[in-house]
Amino acid sequence: MTEVLLEIKDLGIQFKTGEGVVQPIRGVNFSLKKGETLGVVGESGSGKSVTSLAIMGLLPEKKSKIVSGSIHFNNQDVTHLKDRQFRKLRGNEISMIFQEPMTSLNPVFTIGEQLSEPLKQHKKMAKKDRKEAIINILKQVGIPRAEQIINEYPHQLSGGMRQRVMISLALLCDPKLLICDEPTTALDVTIQAQILELMKQIKSEKDMSLLFITHDLGVVAEMCDRVVVMYAGEIVESAEINELFDNPLHPYTKGLIDSLPTNNTRKSRLFSIKGQVPRPDEIGKGCAFANRCPYAFDKCIASAPPTFSTGEHLSKCWLQEPERQVKIQ
Ligand code: SF4
């Protein structure tokens, strides 16, 4: 049996806001096996980025609190790890690639200086070895002129090249887990395809698990073995990738699939799910998707559905309770 690298159980996170305390993450459960690529998909406001920040130990300390559940990484409970202890894991065993490299790369340091830091901190490498390791990793991610690029600043590179630098930064210390938060959203379509191809290639070469966070089910289809769908701070569906596309069990997932462009829809208007993800303070006692759901019925308004399972395929929707089992068309 494949070993589990990351396990999240019943995770609940609260935030303090000007209007009071809200809970954007409500009982999230999922696991990631060693060597697996798991997609976490949902619209903005679904809670996927907050979940990834919790895994990285990067939740704002004064404003947020983990109020339930646990996060285990590589058999270690990291739920309430102090920042000092987390720093040993971050950039070393767990790395993250963000959407916009300019927010993560420091504009006043050269590429070489920025890539040097994790090797100094985590690997205690000598200066000469660091330079060699940096040039190697830049070449691995397809950066031409690696020997010159190390002396350049982020603003001197194109968006695609900056994202490749970010990927090399994340891979420097051979992490066990790489979290990619919308890594290609800010890039144009051609560069996006190149970066996804590069990530697939790196994934096959290194013994690493990938957590792919995106609003784009098309990217998930390209990259992932399994997917969890998040809505309003909960997991509403999870399944193996082909099963999810062939047989979605939650109306929200079906809406996301129908929103994907196909050759036939190129000229016509794309389907989109009406309305928006509710804010945490707007969620009532029923299903959080009820006001956008074409299948909603009385029970959905009265109480929130539990998670129903059909083998490994999980769905949080009353349509899947055993006596109902409605097929989503
Ligand atoms: Fe729609 Fe009801 Fe299922 Fe919620 S529980 S997704 S409202 S059918």
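What counts, and at which threshold
- Residues numbered from 1 in each chain as written.
- Predicted model: local features only at pLDDT ≥ 70, side-chain atom pairs only at ≥ 80, totals over all residues.
- Heavy atoms only, no water.
- UniProt positions renumbered as here; feature names shortened; annotations may be inferred.
- Salt bridge = Lys/Arg side-chain N within 4 Å of Asp/Glu carboxyl O.
- Helix = DSSP H or I, 4+ residues; strand = E, 2+ residues; numbered from the N terminus.
- Buried < 20%, exposed > 50% of the residue type's maximum accessible area, 1.4 Å probe, protein only.
- Phe/Tyr/Trp six-rings, centres within 6.5 Å; stacked < 30°, edge-to-face > 60°.
- Lys NZ or Arg CZ within 6 Å of the ring centre and 35° of its normal.
- Pairing = 2+ DSSP bridges.
- Contact = heavy atoms within 4.5 Å.
- Axes fitted to C-alpha atoms, helices over the stretch in contact; angles between N-to-C directions.
- Core = buried A, V, L, I, M, F, W, Y, C linked by side-chain atoms within 4.5 Å.
- Domains from an automatic or database assignment.

If you check an unreviewed UniProt entry, the protein appears there as ABC transporter ATP-binding protein from Bacillus yapensis. Under the Sequence similarities (unreviewed entry) heading, UniProt states for the protein: "Belongs to the ABC transporter superfamily." Reading the Subcellular location (unreviewed entry) entry of the UniProt record for the protein gives the comment "Cell membrane".

Asks: Could you give an account of the pattern of salt bridges, with specific residues and numbers?
Replies: Proximity of charged atoms lets side chains of opposite charge pair with each other. The full count for this structure, using the stated rule, is 20 salt bridges. Across the salt bridge formed by Arg87 and Asp83, the nearest N and O atoms sit 3.1 Å from each other. Of this pair, Arg87 and Asp83 both sit in helix α2 (residues 83-89), separated by four residues, roughly a single helical turn. When its relative accessible area of 43% is taken as the criterion, Arg87 is described as partly exposed. Each of Asp83, Arg87 and Arg90 takes part in one network of salt bridges that share partners.

Asks: Tell me about the packing of aromatic side chains, residues and numbers included.
Replies: Per the counting criterion, the structure on display carries four aromatic pairs. A centroid spacing of 5.1 Å and a plane angle of 80 degrees characterise the contact between Tyr231 and Phe289, whose relative ring orientation is edge-to-face. Highlighted residues: Tyr231 in strand β9 (residues 226-231) and Phe289 in the loop between α11 (251-258) and α12 (298-302), separated in sequence by 58 residues. Here the two residues Tyr231 and Phe289 agree in accessibility, since each one is buried. Members of the aromatic cluster, each reached through a chain of ring pairs, are Tyr231, Tyr252 and Phe289. For Lys299, the ring lying beneath its charged end belongs to Trp318, and the centroid distance is 4.2 Å.

Asks: Describe the sheet that holds strand β4 (residues 64-73), and please don't skip the residues or the numbers.
Replies: Strand order in this open sheet of four strands is β2-β1-β4-β5, and the pairing throughout is antiparallel. Every other strand in the sheet has two partners, leaving β2 (20-33) and β5 (76-77) as the edge strands with one partner each. Note that β4 and β5 share two bridges and pair antiparallel. Opposite His72, over in β5, you have Asp77 as the bridge partner. The strands touched by helix α1 (residues 48-55) within the sheet are β1 (4-17), β2 and β4, with β1 carrying the most contacts at an inclination of about 115 degrees.

Asks: I'd like a description of the nonpolar core, backed by residues and values.
Replies: Counting 63 residues, the largest nonpolar core has Leu138, Ile167, Leu178, Met199 and Phe212 as the members making the most contacts within it. Looking at this core element by element, the count peaks at six residues for helix α7 (residues 159-171). Split by domain, this core shows at least three residues from each of two domains, domain 1 (4-93 + 173-320) and domain 2 (103-172). Those residues within four positions of Leu178 in sequence are excluded, and the remaining contacts are Ser95, Met96, Ile97, Ala170, Leu171, Met199, Met208, Ser209, Leu210 and Leu211. Listed in part, the 33 residues of the second largest apolar core include Leu6, Leu177, Ile179 and Leu211.

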